[in-house]
Every structure is written in C-alpha cells, then in structure tokens.
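A look at the structure
So you can see what is in the structure, the chains are spelled out below.
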Amino acid sequence: MAYAAPGSRAKSAPLMGRDTEPTIFEMSVEGRRAYQLRTTDIEVKPMGAYLPVEHLATQPVKLASVSERDLVAHFTRLSHRQFAVDLGMYPLGSCTMKYNPKFCDTVANEPGLAKVHPGTPAHLTQGWLEIFVDLENRLCEITGMAAATLQPAAGAAGELTGLLLMRAYHEARGDARRRVIIPDSAHGTNPASVTLGGYEVTTIPSDERGLVDVEALKGALGPDVAGIMLTNPNTVGLFEEEIVEIAGLVHEVGGLLYYDGANLNAILGVVRPGDMGFDIVHMNLHKTFATPHGGGGPGAGPVAVAAHLAEYLPGPRAQRAADGSFEWVTPHSSIGRVHGWHGNALVLARALAYIEVHGGEGLTAVAHHAVLNANWLKQRVAAILPAAYDRPCMHEAVLTATSWKKANDVRALDVAKRLMEEGFHAPTVYFPLIVDEALMFEPTETESLQSLESLAQALEIIHAEAQSDPQSLHDAPRTTPVRRVDEARAARQLMATEDAAGR
Ligand SMILES: Cc1ncc(COP(=O)(O)O)c(C=O)c1O
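Residues numbered from 1 in each chain as written. Predicted model: local features only at pLDDT ≥ 70, side-chain atom pairs only at ≥ 80, totals over all residues. Heavy atoms only, no water.

1. What to know about the site of the ligand
By nearness alone, every residue bordering the ligand is listed as Ser94, Ala154, Gly155, Ala156, Glu159, His187, Thr189, Asp260, Ala262, Asn284, His286 and Lys287. Contacts to the ligand include serine 94, whose side-chain N or O atom sits 2.6 Å from an oxygen atom. Between an oxygen atom of the ligand and a side-chain N or O atom of histidine 187, the distance comes to 3.5 Å. Considered on its own, the ligand offers 390 Å² of accessible surface; in the complex 86% of this is hidden by protein. Only helix 5 (155–172) and helix 10 (285–288) provide two or more residues apiece to the shell around the ligand. For the shell around the ligand, the leading source of residues is helix 5, giving 3 residues. For the shell around the ligand, the per-class residue count stands at 3 nonpolar, 6 polar and 3 charged. (Near = heavy atom within 4 Å. Polar contact = N/O pair within 3.5 Å; in protein donor to acceptor, adjacent residues only side chain to side chain. Areas by Shrake-Rupley, 256 points an atom, 1.4 Å probe, with all protein chains shown as cover. Helix = DSSP H or I, 4+ residues; strand = E, 2+ residues; numbered from the N terminus. Nonpolar A, V, L, I, M, F, W, Y, C, P; charged D, E, K, R; others polar.)

2. Brief notes about helix 8 (residues 243–252)
By the burial criterion, the buried members of helix 8 are Ile243, Ile246, Ala247, Leu249 and Val250. Down the axis, helix 8 shows its buried residues gathered within 165° of arc, on one side only. Residues Val244 and Glu252 are exposed on helix 8 and point more than 90 degrees away from its buried face. If you follow the buried residues of helix 8, they end up packed against helix 7 (214–220), strand 4 (225–230), strand 5 (256–261) and helix 9 (273–276). Two residues or fewer after helix 8 comes glycine 254, characterised by a positive phi angle close to 85°. (Buried < 20%, exposed > 50% of the residue type's maximum accessible area, 1.4 Å probe, protein only. Arc of directions from axis to C-beta. Contact = heavy atoms within 4.5 Å.)

3. Some thoughts on the environment of asparagine 137
Among the structural elements, asparagine 137 can be located in helix 4 (residues 126–143). Between the alpha carbons of asparagine 137 and leucine 459 there is a distance of 43 Å; along the sequence they are 322 residues apart.

4. A look at the state of the cysteines
Throughout the structure, instances matching the rule amount to 0 disulfides. Here cysteine 393 is not cross-linked by a disulfide; its sulfur's nearest cysteine counterpart is in cysteine 95, at 17 Å. (Disulfide = S-S within 2.5 Å.)

5. Regarding the packing of aromatic side chains
Counted under the stated rule, the structure contains 5 aromatic pairs. Taken together, a centroid distance of 5.7 Å and an interplanar angle of 65° make the contact between phenylalanine 83 and tyrosine 90 edge-to-face. Given a relative accessible area of 8%, phenylalanine 83 falls into the buried group. Ring geometry for phenylalanine 132 versus tryptophan 328: centroids 5.8 Å apart, planes at 45°, classification tilted. Here tryptophan 328 lies in strand 9 (residues 326–329) and phenylalanine 132 lies in helix 4, a separation of 196 residues in the sequence. Here tryptophan 328 falls in the partly exposed class, since its relative accessible area comes to 26%. Each member of the aromatic cluster is reached from another via a ring pair, and the members are Trp128, Phe132 and Trp328. (Phe/Tyr/Trp six-rings, centres within 6.5 Å; stacked < 30°, edge-to-face > 60°.)

6. Focus on the sheet that holds strand 10 (residues 397–400)
Two strands in a sheet stick together by hydrogen bonds in their backbones, pointing the same way (parallel) or opposite ways (antiparallel). Strand order in this open sheet of 3 strands is 10-12-11, and the pairing throughout is antiparallel. At either end of the open sheet lies a strand with only one pairing partner, and these are strand 10 and strand 11 (428–429). As defined by bridge partners, strand 11 adjoins strand 12 (residues 438–441) across 2 bridges and the pair is classed as antiparallel. Residue pairing in the sheet places threonine 428 in a bridge with methionine 440 of strand 12. Against the sheet, helix 13 (residues 412–421) makes contact with strand 11 and strand 12, and its axis sits at roughly 40° relative to strand 12, the strand it touches most. (Pairing = 2+ DSSP bridges. Axes fitted to C-alpha atoms, helices over the stretch in contact; angles between N-to-C directions.)

7. Observations regarding the pairing of strand 2 (residues 179–183)
Burial analysis of strand 2 places 5 of its 5 residues in the buried class, the great majority of the element. Here strand 2 runs beside strand 3 (residues 200–204); their pairing, made up of 5 bridges, is parallel. Within strand 3, the position partnered with isoleucine 182 by the bridge is threonine 203. Following the backbone out of strand 2, through helix 6 (residues 189–196) and into the adjacent parallel strand 3, one traces a crossover that is right-handed. Bridge analysis of strand 2 against strand 4 gives 3 bridges, and the strand direction is parallel. Residue pairing for strand 4: isoleucine 181 is matched across the bridge by isoleucine 228. (Right-handed = clockwise from strand over helix to strand, strands pointing away.)

8. A short note on the pattern of salt bridges
For the coordinates displayed, the defined rule picks out 27 salt bridges. Among the ionic pairs, glutamate 445 bridges to lysine 98, the shortest N-O distance being 2.6 Å. Linking glutamate 445 in the loop between strand 12 and helix 14 (449–468) with lysine 98 in the loop between helix 1 (68–80) and helix 2 (102–108), this pair joins segments that are 347 residues apart in sequence. Per residue, the accessibility class of glutamate 445 equals that of lysine 98, and both read buried. As a salt-bridge pair, arginine 418 and glutamate 422 come within 2.9 Å of each other at their nearest N and O atoms. Three or more residues joined by partner-sharing salt bridges are found here, namely Arg418, Glu421, Glu422, Glu465 and Arg478. (Salt bridge = Lys/Arg side-chain N within 4 Å of Asp/Glu carboxyl O.)

9. Overview of the nonpolar core
In this structure, Leu135, Leu217, Ile246, Leu285 and Phe289 are the most contacted members of the largest nonpolar core, which totals 61 residues. Looking at this core, the elements that each hand over two or more residues are helix 4, helix 7, strand 4, helix 8, strand 5, strand 6 (280–283) and helix 11 (345–380). For this core, the element with the most residues is helix 11, which contributes 12 residues. (Core = buried A, V, L, I, M, F, W, Y, C linked by side-chain atoms within 4.5 Å.)

None of this, on its own, says anything about what the molecule does.
Here it is as structure tokens:
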C-alpha cells in the first residue's frame, strides 16, 4: 500500500504495477469465466417467458471475460490506489471524515433490516417502524426539537426540505416573504438551497473575529426576511457566541432560524440548537454518527423542527398508535414527500445503533474529543501554520499558509498535495472562501494523540522543505498513483459517455 500508517510516516513504496494497471476490458480473454454453474436437467425458460420481448436486449451485453482470480486481484489492486479512513487520518475539514465503528455496519447488515423491501406494509415491518420512531425521538432529544422527518437523503437535501418548510410556514400565514440571510462563511450548499427553495440570498459579512457581524445582520433584517441559515459552530470552526441575540433579532421580524447541522458532532450533548433559538435543524447523520461517507456514498439528512412547524413535515412519518403498534401518518399540512421511500434506511439504522451504543455520556465525550483534538493540533502547529482567527476553535481549525506564500511562493494546495506523500489525506483547502490560503483541518474525535503528533511532524517536515526546496512541494505528490491533476478539467470536459472503444 502506498500510504504509511499514522505514527510511522515511512515514505510510500511504489506499488508494483500500479501505474500500469490495465482496465478490466484490457484483461479480458474470450471464453474466460469467473465460474460456471454445472449444467443440470432443470428446465430453464427463455427470458421472454418472464419479461415482455420488446424489452429484451438484442445484442449480448459487453462484459469482460476474466477468471475470478484476475477479477478479485484487479479490484483489490484498484482499491489500494485509493485513500480511505480505514487506512489513515482523513482531516478533511467540514466533511467530518471520522472512523465509523464496524459495529454499526454489523447492525445494518442484519438480514431482517437489509433485506426488507421499503414497500412492505406496516403490519409486516413493525420493527423497522420502531427504529424510525426511536431514531426520531433520539434526534429530537439531541437537537431540542419537537418532531423530525427522516426522509432527506443527505445534508443538502435536508437544507432544501427545511427551506420548503420555512416557505410552507410563512405561506400558511399569508406572508410568503422573499429573502433568506446567510453569512459569507457559509457552505456552498446553503445559498444553492435557498435559491432552489424559491428565495433570494442576502449575504452578510463575518466580523474580524470570524463570527456573524451582528450590526450587519441588523441592517439586513426586515419584514420580507423569511429566515437565516447558520451553522454553529460555523464554517471557520468557531462558536457563534451571540447566537441567542441573533435568534431574538430574527424572530423579532417574524423570520425563522435554520440550523445547518453539518457540525453537530462538535456540540453533541453539550448544547442544543433548539435551546439556542433555532426552529429548523438538519443533521448530516453520515458525519455526526456512523456512516462512512465520501466518494458519493449514501448519506442521510433528517430535518427536525420546533412544534410550530411539525404539521408541515414531509410524510408519511412512522408513529406509535394508541394501541402501541406502529403506523405511517402524514402530517395534515405536509409539504409532501422528499424521498421515494422512507429515506436511506440503513444509514438511519446505523445512526440509531451509534447513538444507543454511546448513550448520553458517550455522545458528549464525542463532542469533547472532537474539540480537544482540533485545538491540540491548532496549538501544536501554531508556529508554522497560524490559525486564521486567534481564538479557541471547536471541532475544526482553519489555518492559513499566507506566510508560506509570501516567503517561498508555497501555497495551501502544495502543502495539501505533499501531505499525501506522508500518508495523510489532505485537509480542505481554500475553504472557507473568506480565509486567504486556508487549510481547514478537522482531525475528528476518532484520532489518537499519536496520529495527531504524527500529522504535526509531517507538517514540520513540509515546512522545512518549503524553505530549502520549494520546487519539491510544487511537484508533489510524486508517490501516489495519480499525481497532480488539472483541478478544473473534469468539470469543464465532462465525459459521461462510453469511450472510443465502446466500453
Ligand atoms: C456546513 C455544511 N453544510 C452542508 C453540507 C452538505 O451536506 P451533504 O454533503 O450531506 O449534502 C456540508 C457538507 O460537507 C457542510 O459541511
């Protein structure tokens, strides 16, 4: 494997054959098979007996012909060209790429959960409905809210759901409103969701502390403001200290407060969005609890609301009936479905398993460790990579490489690429946009002191190189399967079709 284990930081050894790994089609040899079932005398009907003939393929499907051994080796080799949180530290700020306990996967793999079709009627899926009810109750307890929908498939889907709820609430009062306020440090999905929800974005600046500029907020508020979207801790990893005052100001003009819960792991069991004054909260279950994410994996973005918004929630929601059984109920002013079925159910099951196995004290410890780890790292590397805002951070530390750029023309991107050679996933760079040469480290609560120290030492080595041999940083990474790529090309020259060879 090309990556060093945390703590060893051994230089990556070239992986044999990794630059020449053929595609599965190049490995294909006519007639080879993974395995072939023995012929029996059981009658096999032609496919036309099961499917309408007009829907059957007329040409054989183009598949590679390889032996099982070659097939397994090929995909195993490819998997070794990738970095994963199971291999090492993944301090990708804002994304919370923490290690997820395998126990939660075991629960989600239970055939009684994994093999149930979502269309199975309620009387045959009482256990699943109980899981949904229990999870909804737990999430409401954690966030200080009254009711929740589990349907949204990820954070951004939760944001859109929340904005539709905001709209439904205002429209029901005959007061549609026009604008939603967002701080300039916000995650890109926030303004996108506002626009999709049919509102206009009003951006307010952060002040010199990296927090919401309360005076600017006052100036932006008015009777046409539907609400404000905030994440707390915010995207520079700082706690919005004036949150209660902010909530009061927004409520005074009749607006609602939306909590982007992407950073909820920083405050679990310590403070609740509901107690801060928020009306709508989305949670990224895949960050806060127990689902491995990234690479387009499944997420879940339940949305919890205060009592005055519960009647608008998407339906159906699982609920306990008077006789103690579980049933599906749609709230009477529901905005409708936001998912074809009940949400990404196995992600929901993992989250409940994680919550139950930790318990209240365990969840609070998660938040404490997340905050401790980020602050430890921030202090440990302060002499070479100062924090963008000189104050205690929450679960992530936004550092700046401005001085590296000025001294040796070494940029945040160079540091991130070089770090990959040392066996660490890169931090988030150039986000939030308001910080020059930003490197956003989120070690997460699952990293040990040894792995944090190992990361700090790697940064020290890179810092020394920035002065002695800056070109080596511009050339990095040199030992990974893919070297520096053109960051913009994939977006500008999207190839979503088959290649010239028809594969
Ligand atoms: C602050 C913040 N909000 C929203 C999102 C969107 O969440 P998702 O990726 O689950 O759609 C993210 C994702 O990284 C985030 O960091």
